[in-house]
Amino acid sequence: MPGWLPRAMVLALALYACFQLGSWAFDQLIGLLTNVLIAFFLALAIEPAVSRMAARGMRRGLATFLVFLGVTIFGVGFVVLLGSMLAGQIVDMVDELPKYIDSVINWVNQTFRTELSRVEVQDSLLHSDWLQKYVQNSATGVLDVSTTVLGGLFRLLTIFLFSFYFAADGPRLRRALCSVLPPARQTEVLRAWEIAVDKTGGYIYSRGLMALISGVAHYILLVILEVPYAPALAVWVGLVSQFIPTIGTYLAGALPMLIAFTVDPWYALWVLGFVVIYQQFENYVLQPKLTAKTVDIHPAVAFGSVIAGTALLGAVGALVAIPAIATLQAFLGAYVKRYDVMDDPRVQGGSSRAPGRPLPSRMRRLLQGPRAGGRGGAEGTSDGPRQR
């Protein structure tokens, strides 16, 4: 046996053990790393406001606390308002449920000439197997729901703490990071940090603008339909549809449909149709233009980055994908050498073919050329006099 073989085997086993240990640690810490990533981008989003307040003489810790206090007050007030509104509407809908059932049954009987009654429908629903299974699953899932809620609150608190420290100690963090790098690398890191702040702020601005447009559009619809709590519902649709990726649109449209159903069941269909049409308008017209303008990336790249982020990190990846890609693109753009584009019609989508005779004329010229050339080789050119 060669003398190096045992050492190579021990080294290979050690590397494999380190790889397995690193994979296990990464799997265990993936939740914490995701929270830190969200907190970092949240700190970048509030960095301009904190820096502006600190430039006026306020301490960064106090400025960060005031910004977070304002965001928390707005969020809690909005949730409490919606919760009370939703609870009242659910109570009203439960009280009016027999009337809704009677109207639906009457419409079915008149349309299809049936003889259904509300008592028979209620008995069939109450004694159905799927309802009993649903009640059993709901009773056993109360503990799971409580655990999920507590876990979500703990995660939210963790994100707020990390983002507070990132924003309040931003200069100290940058100084500690630059202290282990040479001066040339320090310039690059500070430039990347500044670009990340600008792009993240632009992304939040674009989302806020789309939330405003969406809220105004849905507010107009709800006022026309005379749906109660139209301002609160409009704010709900605007915020949820823009800041909750993938499923935000469905969550945002479900609550206005529920409230509209308490007014008139047909109004819920009107709200559903408007939500679907507006979503298509936003996806294909509004969002590509605003996103590409504020974060300076191509709409196709923005759409692809959202899909890739969703595939990698789920909803969190979809939320931070666009500012991350915009930051990377802007940072790499400073180091990619660019040249002047030549004046070629193909750049503008034209053809490289020079203007001349029409295509049939040129084809006829090419077909007659060999025969004329053959006669010219023996007796001279066809256009001039023969050579003696």
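Predicted, not measured: the structure shown is a model, and the values here were computed from it.

**What about the overall build of the chain?**
Item 1. In terms of regular secondary structure, the chain is built from 14 helices and 0 strands.
Item 2. Secondary structure elements in the chain, listed N-terminal to C-terminal, are α-α-α-α-α-α-α-α-α-α-α-α-α-α.
Item 3. Here the chain holds 388 residues, and the buried ones make up 27% of them.
Item 4. Considering only contacts in the chain between residues 6 or more positions apart, those separated by 24 or more positions represent 63%.

**Comments concerning the pattern of salt bridges**
Item 1. The full count for this structure, using the stated rule, is 3 salt bridges.
Item 2. Of the charged contacts, one joins arginine 174 and glutamate 47 as a salt bridge, the two residues approaching to 3.8 Å between their closest N and O atoms. Of the two residues, arginine 174 is situated in helix α7 (residues 170-178) and glutamate 47 in helix α1 (residues 4-55); the sequence distance between them amounts to 127 residues.
Item 3. On the basis of relative accessible area, arginine 174 is assigned to the buried category, the value being 19%.
Item 4. Overall, the relative accessible area of 6% leaves glutamate 47 in the buried class.
Item 5. A salt bridge links arginine 185 to glutamate 188; its shortest N-O distance comes to 3.2 Å.

**Section: the nonpolar core**
Item 1. Within the largest apolar cluster, 14 residues are counted, with the highest numbers of intra-cluster contacts made by Leu222, Val227, Leu233 and Val271.
Item 2. Taken together, the elements giving at least two residues each to this core come down to α2 (60-95), α8 (183-224), α9 (230-243), α10 (248-263) and α11 (265-295).
Item 3. Not counting the four nearest positions on each side in its chain, valine 271 is found in contact with Leu221, Leu222, Leu225, Pro256, Met257 and Ala260.
Item 4. With 12 residues, the next largest nonpolar core counts Val50, Ala63, Phe68 and Val316 among its residues.

**Some points on the environment of valine 94**
Item 1. Within the element layout of this structure, valine 94 appears in helix α2.
Item 2. Taking the C-alpha atoms as reference points, valine 94 and threonine 262, separated by 168 residues in sequence, lie 9.4 Å from one another.

**Quick notes on α10**
Item 1. For α10, with 16 residues, the first-to-last C-alpha span of 24 Å sits near the 22 Å given by 1.5 Å per residue.
Item 2. Buried within α10 we find Gly248, Thr249, Ala252, Gly253, Leu255, Pro256, Ile259, Ala260 and Thr262.

**Looking at the packing of aromatic side chains**
Aromatic ring pairs are reported here in terms of the distance separating the ring centres and the angle at which the planes meet.
Item 1. For the structure shown, the criterion picks out 10 aromatic pairs.
Item 2. A ring pair is formed by phenylalanine 40 and phenylalanine 166, whose centres lie 6.1 Å apart and whose planes are at 85°; its orientation type is edge-to-face. Of this pair, phenylalanine 40 sits in helix α1 while phenylalanine 166 sits in helix α6 (residues 142-168); the two residues are 126 residues apart in sequence, bridging distant segments of the chain.
Item 3. Each member of the aromatic cluster is reached from another via a ring pair, and the members are Phe40, Phe41, Phe162, Phe166 and Trp193.

**Here's the deal with the UniProt feature "transmembrane region" (unreviewed entry) in the chain**
Item 1. According to UniProt, the feature "transmembrane region" (unreviewed entry) maps to residues 35-55, 62-87, 149-168, 209-227, 233-253, 265-281 and 301-328 in the numbering used here.
Item 2. Counting secondary structure, residues 35-55 comes out at 100% helix and 0% strand; the distance between its end C-alpha atoms is 29 Å.

**Quick notes on the packing of α9 against α10**
Item 1. Contact pair α9 / α10: the axes reach a minimum separation of 7 Å and the direction vectors enclose 165°. Judged by the inter-axis angle, α9 sits roughly antiparallel to α10. Judged by the sense of rotation from one axis to the other, the crossing of α9 with α10 is right-handed. Taken together, the residues of α10 that come into contact with α9 (itself represented by Leu233, Trp236, Val237, Val240 and Ser241) are Gly248, Thr249, Leu251, Ala252, Leu255, Pro256 and Ile259.
Item 2. Class assignment of the residues belonging to the contact of α9 with α10 gives a composition of 9 nonpolar, 3 polar and no charged.

**Details of unusual backbone geometry**
Item 1. Positive phi is not limited to glycine here, since glutamate 226 has a value of about 60°.
Item 2. Checked against the element boundaries, glutamate 226 lands in the loop between α8 and α9.
Item 3. Residue class for glutamate 226 comes out exposed when judged on its relative accessible area of 65%.

**Here we look at α1**
Item 1. Between the first and last C-alpha of α1 there are merely 63 Å, a value that for 52 residues lags more than 12% behind the 76 Å anticipated at 1.5 Å per step.
Item 2. Within the span of α1, buried status applies to Thr34, Asn35, Ile38, Ala39, Phe41, Ala43, Leu44, Ile46, Glu47 and Val50.
Item 3. Just past α1, the residue glycine 57 takes up positive phi, approximately 105°.

**Observations concerning the side chain of serine 241**
Item 1. Of note, serine 241 is situated in helix α9.
Item 2. For serine 241, a relative accessible area of 12% corresponds to the buried category.
Item 3. Only 2.5 Å separates the side chain of serine 241 from the backbone oxygen of valine 237, close enough to count as a polar contact.
Item 4. The residues touching serine 241, leaving out its near neighbours within four places in the chain, are Ser214, Trp236, Gly248, Thr249 and Ala252.

**Topic: the packing of α8 against α9**
Item 1. Closest axis-to-axis distance for the α8/α9 pair is 8 Å, and the angle between their directions is 145°. Helix-helix and strand crossings are classified by hand; for α8 and α9 the assignment is right-handed. Residues Arg207, Gly208, Met210, Ala211, Ser214, Gly215, His218, Tyr219, Leu222 and Val223 of α8 touch α9, and the partners they reach there are Ala230, Pro231, Leu233, Ala234, Val237, Gly238, Leu239, Ser241, Gln242 and Phe243.
Item 2. Of the residues assigned to the contact of α8 with α9, the class counts are 12 nonpolar, 7 polar and 1 charged.

Thresholds, definitions, all that
- Here the residue numbers are simple positions, counted from 1 along each chain's written sequence.
- Local features in this predicted model are restricted to residues whose pLDDT is 70 or higher, and side-chain atom pairs enter the listing and the counts only when it is 80 or higher, whereas totals over whole chains, interfaces and linings include all residues.
- Note that water and hydrogens are dropped before the side-chain values are worked out from all heavy atoms of the structure.
- Numbering of helices and strands runs from the N terminus; a helix is a DSSP stretch of H or I covering at least four residues, while a strand is a stretch of E covering at least two.
- Categorising residues by exposure relies on relative accessible area from a 1.4 Å probe, with only protein chains included: less than 20% of the type maximum marks a residue as buried, more than 50% marks it as exposed, and the intermediate range marks it as partly exposed.
- Only heavy atoms enter the contact rule, under which two residues are in contact if any of them lie within 4.5 Å.
- Should a side-chain nitrogen of Lys or Arg be within 4 Å of a carboxyl oxygen of Asp or Glu, the pair is scored as a salt bridge.
- The term nonpolar core refers to a set of buried residues drawn from Ala, Val, Leu, Ile, Met, Phe, Trp, Tyr and Cys, joined through side-chain atoms within 4.5 Å.
- A helix is expected to reach a length of 1.5 Å times the quantity of its residues less one.
- Put simply, two rings from Phe, Tyr or Trp (the six-membered ring, in Trp's case) pair if the centres are within 6.5 Å, and we call them stacked under 30 degrees between planes, edge-to-face over 60, tilted for the rest.
- UniProt positions are given in the numbering used here, feature names are shortened, and annotations may be inferred rather than shown by experiment.
- Lines fitted to the C-alpha atoms define the axes, with helices restricted to the stretch that makes contact. Angles between their N-to-C directions range from 0 to 180 degrees.
- Angle categories: roughly parallel below 35 degrees, roughly antiparallel above 145, roughly perpendicular from 65 to 115, and oblique for all the rest.
- It is the rotation of the near helix from the far one that decides the hand of a crossing: anticlockwise by less than a right angle makes it left-handed, clockwise makes it right-handed.
- Put simply, Ala, Val, Leu, Ile, Met, Phe, Trp, Tyr, Cys and Pro go in the nonpolar bin, Asp, Glu, Lys and Arg in the charged bin, and everything else, Gly too, in the polar bin.
- In protein, a polar contact requires one atom able to donate a hydrogen and another able to accept it; more generally it is a pair of N or O atoms within 3.5 Å, and residues adjacent in sequence count only if both atoms are side-chain atoms.

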